Amino acid sequence: MGSIISRGNHIMEPLGSSARGSTMAGSLSLARRCFALILAIAVSACGNGTVPSERVASILISGASAEPIPANETVQLTAPPRDAAGNPVSRPVSWASSNSEVAEVSAQGLVTAVKPGDVVISASSERSSASVVVRVVVARVASVTLDGVPTGQVPVETTVQLSATLKDSRGATLSGRAVTWSSSDTSRAQVSDSGLVTALKAGQVTLTATSETKSASATLDLYVPVAQVTVSPSSAVIAVDQELQLRVELKDAHGNVLTGRTVEWVSSDASRAEVQANGKVTGRGEGTVTLTATREGKSAVARLRVIASKGSWNQTEEWATFQGNARHTGAVDATLDPEVFRELWVRPAVTGATALNPVTEGGGAVFVSTQSYFGGQLLAALDAQTGATLWTHSFGTIHAAHPPAYSDGAVYLTTSGHEDSFLYAFDAATGSIRFQSAYGNQWSHYYAPVVLKGNVFMAGGYYDGMYSFNATSGKQQWFFGTSQYDQWTPAVEGGRSSPTPNQGCRWWTRPRASWPTRSRTPASTGGGGA
């Protein structure tokens, strides 16, 4: 029996059929027509006259990477159904995961890695299916951020604890990962494996935390903090409307002077004294008042008494050489108001000095040299109003440095030894050397030279005597031999000088040998003169 294939509303008989008689053939033909008609109506009712599409013959998954997928990351898979001829057909695809705790898959084939492990991802359509094994590993570090970074400057010799926060691509925090710390300049700051930063030296330094291929950095500004504030003068008396300049010295924990920093000034009573940002004080009303200078939490004060009268101080000449002047009278004319006469300042002029030579004052400064037998010799210039150090000059380790003299913006001083003795001239404002002239000496100590009318008169000589040098060029002008004495200096008056005590001339003087013992390491001066 042959087959009948229905295509639309038409019935086709297969080739090879034969008639078997008129009656039987007619009956059979009628039966076949009736069956075909019924079948055609059924097909028409069920399929609107169309032939069903081809079935899914295969399905293939693509998009899977050969590399493992880090947790919390995704990968898009596709699985297009195909017919027997390999042509794509439009059919729904179902996705499934063998273990959703390891990896999940959406209805569209998007795989989301959850935790480390292996999982089978399957795709199916009709009777065809395919699968792929996906391996999930730990999540990768996608970003690094630093915590604990200071917002301001960091003092040296302190520590800062930094920490690194690691996150994956979805923003989830990761733990248990290795972090490597590094410093851009280990001479300024060092960082430990735990992120502890130790500040060593002032300046900027960059600290970096790295995990896997990601890193984060922070730049720290390191500075030397103030450990001590000193105000000079620490006490004073001023009159109403009188001004006084206060000065501040800042030091670190090791005693090193810090420069380039301002301080904040505060007056305890502005009706009695006002203070400007630069430390200049103006008396406003009678009474006592405290001025405070503060920097980085460290403070120092100056206590002032404001009086109604300004008083007077009239000094006729500077204390320019030993015992005041070329005649060595030991005094200069001055008038003062006892109400305001006071100790202006006291301070160690040279740190570590065992003794000082007699001081000289001129040009608003006090000049003092050390008295150290075969030790480190030093000359220092101090502000006459505050005692602050203006400049110093070191002679190194020599036999002796003698007392200084002042004249017309220059400081003159002699050193002694054995055939290595010199007369120095310094710029009084800067401390730079104007000239250095050799002179004869055989282990003798002398007092300050006398500078008068462009000449420097001084004791010296291998067997003692008196010299004259040009005060500008340092050129020797003459030498006069004398008997050998120690600790003396010429006296000059009326164009004459006397070199020997035997002549009895009033213009020569030899101070008592005990005079240097009156010098003390703290140099002090009264208000307006020495």
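Treat the numbers as computed from the prediction; the structure is a model and nothing was measured. Along each chain, residue indices are assigned from 1 in the same order as the chain's sequence is written. Whole-chain, interface and lining totals are the exception, using all residues; otherwise, since this is a predicted model, local features are given only for residues with pLDDT of at least 70 and side-chain atom pairs are given and counted only at 80 or more. Water and hydrogen atoms play no part in the side-chain values, which are based on all heavy atoms of the structure.

**Student:** Can you tell me about the overall build of the protein, naming the residues and giving the values?
**Tutor:** Within the protein, the secondary structure is distributed over one helix and 50 strands. Burial status across the protein gives 39% buried among its 530 residues. At a minimum sequence separation of 6, the contacts of the protein that also span at least 24 residues come to 49%. Working definition: helices are DSSP H or I runs of at least four residues, strands are E runs of at least two. Numbering for both runs from the N terminus. In this scheme, a residue with accessible area under 20% of its type's maximum is buried, one over 50% is exposed, and one in between is partly exposed, where area comes from a 1.4 Å probe on protein chains only. Contacts were defined at the residue level, with two residues in contact if any of their heavy atoms lie within 4.5 Å.

**Student:** An account of the pairing of strand β9 (residues 110–113) is needed here, citing residue identities and associated values.
**Tutor:** DSSP-based pairing: two strands are paired if at least 2 bridges between them are found. Both strand β5 (residues 74–76) and β9 contribute to a ladder of three bridges, which runs antiparallel. Of the residues in β9, the one forming a bridge with T74 is T112. Both strand β8 (residues 103–105) and β9 contribute to a ladder of three bridges, which runs antiparallel. Looking at the pairing, A103 lines up with A113 of β9.

**Student:** So, the sheet that holds β9: which residues are in play, and what are the values?
**Tutor:** Judged by pairing direction, the sheet is antiparallel, and its three strands sit side by side in the order β5-β9-β8 without closing on themselves. With partners counted over all chains shown, the strands left at the sheet margins are β5 and β8, one partner each. Adjacent strand axes in the sheet meet at a mean angle of 20°, parallel and antiparallel pairs treated alike. Convention adopted: a line fitted to C-alpha atoms gives each axis, helices being fitted over their contacting stretch, and angles between N-to-C directions are expressed from 0 to 180 degrees.

**Student:** Requested: an account of the nonpolar core, with residues and values cited.
**Tutor:** In plain words, nonpolar cores are sets of buried Ala, Val, Leu, Ile, Met, Phe, Trp, Tyr and Cys residues tied together by side-chain atoms within 4.5 Å. In terms of nonpolar packing, the biggest core is built from 42 residues, with I61, W95, I121, V197 and L222 touching the most fellow members. Counting residues in hydrophobic clusters, the runner-up holds 21 residues, among them V229, L244, L291 and A302.

**Student:** Give a detailed account of the confidence of the model for the protein, specifying residues and quantitative values.
**Tutor:** Averaged over the protein, the pLDDT score is 82; the fraction of residues at 70 or greater is 80%. pLDDT expresses how confident the predictor is about each individual residue, on a scale running from 0 to 100. Here residues 1–52 is modelled with pLDDT under 50, and outside its nearest four sequence neighbours on either side it reaches 21 contacts, counting other chains as well. The model gives residues 500–530 a pLDDT under 50, and that stretch makes 77 contacts with residues more than four places away or in other chains.

**Student:** Mind laying out the sheet that holds strand β20 (residues 203–211), listing which residues take part and the relevant values?
**Tutor:** Taken in spatial order, the four strands make up an open sheet running β13-β21-β20-β17, and their pairing is mixed. Edge positions in the sheet fall to β13 (154–155) and β17 (180–183), since each has one partner strand and no second. When β20 meets strand β21 (residues 214–223), the two strands line up antiparallel, connected through nine bridges. Each residue of the ladder has a partner; that of T206, found in β21, is T219.

**Student:** Provide a residue-level description of the pairing of β20, including the pertinent values.
**Tutor:** Looking at chain direction, β17 and β20 are connected through four bridges and run antiparallel. Counted as the bridge partner of S182 is T208 from β20. Here β20 folds back onto β21 in antiparallel fashion, the turn holding two residues, of which E212 has a positive phi close to 55°.

**Student:** An account of the side chain of D168 is needed here, citing residue identities and associated values.
**Tutor:** Among the secondary structure elements, D168 is positioned in the loop between β15 (163–167) and β16 (173–174). Asp and Glu are treated as the negative residues and Lys and Arg as the positive ones, with His and the ends of the chain left uncounted. Note on definitions: salt bridges are taken to be side-chain nitrogens of Lys or Arg within 4 Å of carboxyl oxygens of Asp or Glu. Buried charged residue D168 carries no salt bridge. Nearest counter-charge: R170, at 6.4 Å. Among the polar contacts made by the side chain of D168, one reaches the side chain of N72 at a distance of 2.4 Å. Polar contacts here mean pairs of N or O atoms no more than 3.5 Å apart (in protein, one a potential hydrogen donor and the other a potential acceptor; neighbouring residues in sequence count only if both atoms are side-chain atoms). For D168, the side chain forms a polar contact with the main-chain nitrogen of R170, separated by 2.9 Å. If sequence neighbours within four positions are ignored, D168 has contacts with N72, A139, R140, A142 and L174.

**Student:** If you had to explain the packing of aromatic side chains to someone new, which residues and values would you point to?
**Tutor:** Any pair of Phe, Tyr and Trp rings, taking the six-membered ring for Trp, is counted once the centres come within 6.5 Å. Such a pair is stacked with planes under 30 degrees apart, edge-to-face with planes over 60 apart, and tilted for the rest. Evaluated as defined, the whole model comprises 17 aromatic pairs. Taking the centre distance of 4.3 Å and the plane angle of 20° together, the rings of F322 and Y447 count as stacked. Of this pair, F322 sits in the loop between β32 (313–315) and β33 (334–336) while Y447 sits in the loop between β43 (433–439) and β44 (450–452), and the two are 125 residues apart along the sequence. Judged by its relative accessible area of 5%, Y447 is buried. With centroids separated by 5.6 Å and ring planes inclined at 15°, the aromatic side chains of Y424 and F426 adopt a geometry described as stacked.

**Student:** Explain the pattern of salt bridges to me, using residue names and the numbers behind them.
**Tutor:** Here the structure, examined in full by the defined rule, presents 15 salt bridges. For the salt bridge of R188 with D185, the shortest nitrogen-to-oxygen distance reads 3.3 Å. Its relative accessible area of 24% is what places D185 among the partly exposed residues. Two residues, E296 and R261, come together in a salt bridge whose shortest N-O distance is 2.9 Å. Separated by 35 residues along the polypeptide, E296 in the loop between β30 (287–295) and β31 (298–307) and R261 in the loop between β26 (257–258) and β27 (264–267) bring together distant segments of the chain. On the basis of relative accessible area, R261 is assigned to the partly exposed category, the value being 22%. When salt bridges with common partners are traced through the structure, they connect D241, E274 and R284 into a single cluster.

**Student:** Can you explain a nonpolar patch on the surface? Please cite residues and give values.
**Tutor:** Candidate patch residues must exceed 30% relative accessible area and have no salt bridge, after which like charges are joined if within 9 Å and Val, Leu, Ile, Met, Phe, Trp or Tyr side chains if within 5 Å. Only the protein chains shown count as covering a residue, and every accessible area follows the Shrake-Rupley method with a 1.4 Å probe. On the surface, Y373, F374 and W443 cluster together into a nonpolar patch covering about 380 Å² of accessible area. Structurally, the position occupied by F374 is in the loop between β36 (365–369) and β37 (375–383). Take F374: its relative accessible area is 41%, and that puts it in the partly exposed class.

**Student:** Before we move on, could you go through unusual backbone geometry and cite the residues and values that matter?
**Tutor:** For residues other than glycine, phi is negative in most cases, and the peptide bonds are mostly trans. Along the chain, S232 connects to P233 via a cis peptide bond; the corresponding omega equals -10°. Note on placement: P233 falls in the loop between β22 (228–232) and β23 (235–239). Unlike most non-glycine residues, E157 shows phi in positive territory, near 65°. Note on placement: E157 falls in the loop between β13 and β14 (159–161). By relative accessible area, E157 is classed as exposed at 55%. In the Ramachandran plot, E296 falls in the positive-phi region, its phi being about 55° despite a non-glycine side chain. Given the relative accessible area of 31%, E296 is considered partly exposed.

**Student:** Break down the environment of D383 for me, citing the residues and quoting the values.
**Tutor:** In this fold, D383 is placed in strand β37. The spatial distance from the C-alpha of D383 to the C-alpha of F367 is 9.1 Å, given a sequence separation of 16 residues. Those residues in contact with D383 that sit more than four places away from it in its chain are R247, W345, G364, A388 and L390.

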